[in-house]
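# Topology and contacts: notes
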Amino acid sequence: MSSSDIFFSETTGTALLILLGGGVCAAVTFKRSKAHNAGWVAIAFGWAFAVLTGGYVAQMSGAHLNPAVTLALAIEGTTPWADVPVYFASELLGAMIGAVLVWLVYYGQFHADLNEPEMAERRGENPGPVHGVFFTSPEIRNTVQNLVTEIIATFVLVIAILNLGLTKGVGVSGTGVLIVALVVGGIGLSLGGPTGYAINPVRDLGPRIVHALLPLPNKGGSGWAYSWIPVVGPLIGGAIAAGLHQVAFA
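Quick notes on the rules
Residues numbered from 1 in each chain as written. Predicted model: local features only at pLDDT ≥ 70, side-chain atom pairs only at ≥ 80, totals over all residues. Heavy atoms only, no water. Helix = DSSP H or I, 4+ residues; strand = E, 2+ residues; numbered from the N terminus. Rg over C-alpha atoms; globule rule 2.2 N^0.38 Å. Salt bridge = Lys/Arg side-chain N within 4 Å of Asp/Glu carboxyl O. Buried < 20%, exposed > 50% of the residue type's maximum accessible area, 1.4 Å probe, protein only. Axes fitted to C-alpha atoms, helices over the stretch in contact; angles between N-to-C directions. Parallel < 35°, antiparallel > 145°, perpendicular 65-115°, else oblique. Left-handed = near helix turned anticlockwise from the far one by under 90°. Contact = heavy atoms within 4.5 Å. Nonpolar A, V, L, I, M, F, W, Y, C, P; charged D, E, K, R; others polar. UniProt positions renumbered as here; feature names shortened; annotations may be inferred. Phe/Tyr/Trp six-rings, centres within 6.5 Å; stacked < 30°, edge-to-face > 60°. pLDDT = per-residue confidence, 0-100. Core = buried A, V, L, I, M, F, W, Y, C linked by side-chain atoms within 4.5 Å.

### Regarding the overall build of the protein chain
When its secondary structure is counted, the protein chain shows 12 helices and zero strands. The order of helices and strands in the protein chain, counted from the N terminus, is α-α-α-α-α-α-α-α-α-α-α-α. The C-alpha radius of gyration computed for the protein chain amounts to 18 Å, which stays within 12% of the reference 18 Å derived for 250 residues, consistent with globular compactness. Projected onto its principal axes, the C-alpha coordinates of the protein chain cover approximately 60 × 35 × 30 Å.

Written out as structure tokens, the structure is:
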């Protein structure tokens, strides 16, 4: 598999992941969306379907779509370390492209909601009134708790992915991506409440960068003070899962 194969596959798959995942957040957030106030269950299932779609599209490269997964597979030995920078770069680019596509799809809703008088009054709010469409933030700001939450949630995701290889026939049957999508849905429903379950550094960082760059009115800040947690937490969680997997099954 060439670097260009990895780059195209991971960029495309991650872009679709963020398009559909960010899209369901937008659908639930905006007042002028037909899915407004559909709730957390809709978001959890929307992200699960986003993983399912992006994963199937990116099968050529192994459908990492997530630097925490890439790091874990490199530690485990499946992914060559020389390929890791290509995976990271393509995943970040794909996440940014997906965030831009969400903005284009909901362009009218962004401007209608953000130009309302009550939104204008929140101009100085940090993070801004539509931040949840782009990136995560905790319900209670506690650095240790927030970091531990992301570590644990990502550990669950990555250990499940690594253990798929121990189940005979999963890779051949093609059901691995479906199982991972269901795990992501379960994580969202069970562990997503405290921080919004980034469980993927580029899922948070890529759209956060796009939010900072987009010419949105009254959008507020991009929450940079918190931004390191959904990057570092998932990487730690992925590394711990890979280390445990190696000790138990190597």
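Don't stop here, the text continues.
### Observations regarding the pattern of salt bridges
A complete count under the given rule lists two salt bridges for this structure. In this structure, the salt-bridge partner of Arg32 is Asp113, at a minimum N-O distance of 3.4 Å. You can see Arg32 sitting in the loop between α1 (3-29) and α2 (40-57) and its partner Asp113 sitting in helix α5 (residues 107-114), a full 81 residues away along the chain. Note that Asp204 and Arg208 form a salt bridge whose closest N and O atoms lie 2.6 Å from each other. A residue pair is termed a helical-turn pair when its members lie 3 or 4 positions apart in one helix, as Asp204 and Arg208 do in helix α11 (residues 201-213) at four residues. Comparing Asp204 with Arg208 shows no difference in burial state: the two are buried.

### A word on the packing of α2 against helix α10 (residues 176-191)
Contact pair α2 / α10: the axes reach a minimum separation of 8 Å and the direction vectors enclose 155°. As the angle between them shows, α2 and α10 are arranged roughly antiparallel. As for the relative orientation of α2 and α10, their crossing is right-handed in sense. The segment α2 lies against α10, with Trp40, Val41, Ala44, Phe45, Trp47, Ala48, Val51, Leu52, Gly55 and Tyr56 engaging Val177, Leu178, Val180, Ala181, Val184, Gly185, Gly188 and Leu189. Here the residues of the contact of α2 with α10 sort into 15 nonpolar, three polar and no charged.

### Brief notes about the UniProt feature "transmembrane region" (unreviewed entry) in the protein chain
With numbering matched to this structure, UniProt assigns "transmembrane region" (unreviewed entry) to residues 6-30, 37-58, 86-106, 147-166 and 178-199. The distance from the first to the last C-alpha atom of residues 86-106 is 30 Å, and the span holds 95% helix and 0% strand.

### Description of the packing of aromatic side chains
Following the criterion strictly, the structure yields six aromatic pairs and no others. Residues Trp40 and Tyr197 carry aromatic rings whose centres are separated by 5.8 Å and whose planes lie at 70° to one another, so their mutual orientation is edge-to-face. Taken as a pair, Trp40 in helix α2 and Tyr197 in the loop between α10 and α11 lie far apart in primary sequence, 157 residues in all.

### Things to note about the side chain of Thr79
The topology assignment puts Thr79 in the loop between α3 (67-76) and α4 (84-105). A residue is classified by how much of its surface remains accessible, and Thr79, at 6% relative accessible area, is buried. Ignoring sequence-local partners within four residues, the contact set of Thr79 consists of His64, Leu73, Ala74 and Tyr87.

### A look at the confidence of the model for the protein chain
Summing up the model confidence of the protein chain, the mean pLDDT is 92 and the portion of residues at 70 or higher is 91%. Per-element confidence in the protein chain is highest for α4, whose mean pLDDT is 98, and lowest for helix α6 (residues 117-120), whose mean pLDDT is 58.

### Some remarks on the nonpolar core
Core analysis: the biggest nonpolar cluster contains 49 residues, and Trp47, Phe110, Val133 and Phe134 have the highest contact counts within it. The contacts of Phe110, once residues within four sequence positions are left out, are Phe30, Val102, Trp103, Val130, Val133, Phe134 and Leu216.

### Side note on the environment of Asn66
By the secondary structure assignment, Asn66 is in the loop between α2 and α3. Contact partners of Asn66, with chain neighbours within four places excluded, come to Glu91, Leu157, Ile199, Asn200 and Pro201.

### Here we look at unusual backbone geometry
Unusually for a residue other than glycine, Leu65 sits at a positive phi of about 60°. For Leu65, the position within the fold is in the loop between α2 and α3. Although it is not a glycine, Asn218 sits at a positive phi angle of roughly 55°.

### Focus: the environment of Gln59
Relative to the helices and strands, Gln59 is located in the loop between α2 and α3. Note on Gln59: relative accessible area 42%, which makes it partly exposed. Between the alpha carbons of Gln59 and Leu16 there is a distance of 13 Å; along the sequence they are 43 residues apart. Those residues in contact with Gln59 that lie beyond four places of it in its chain are Ser9 and Val177.

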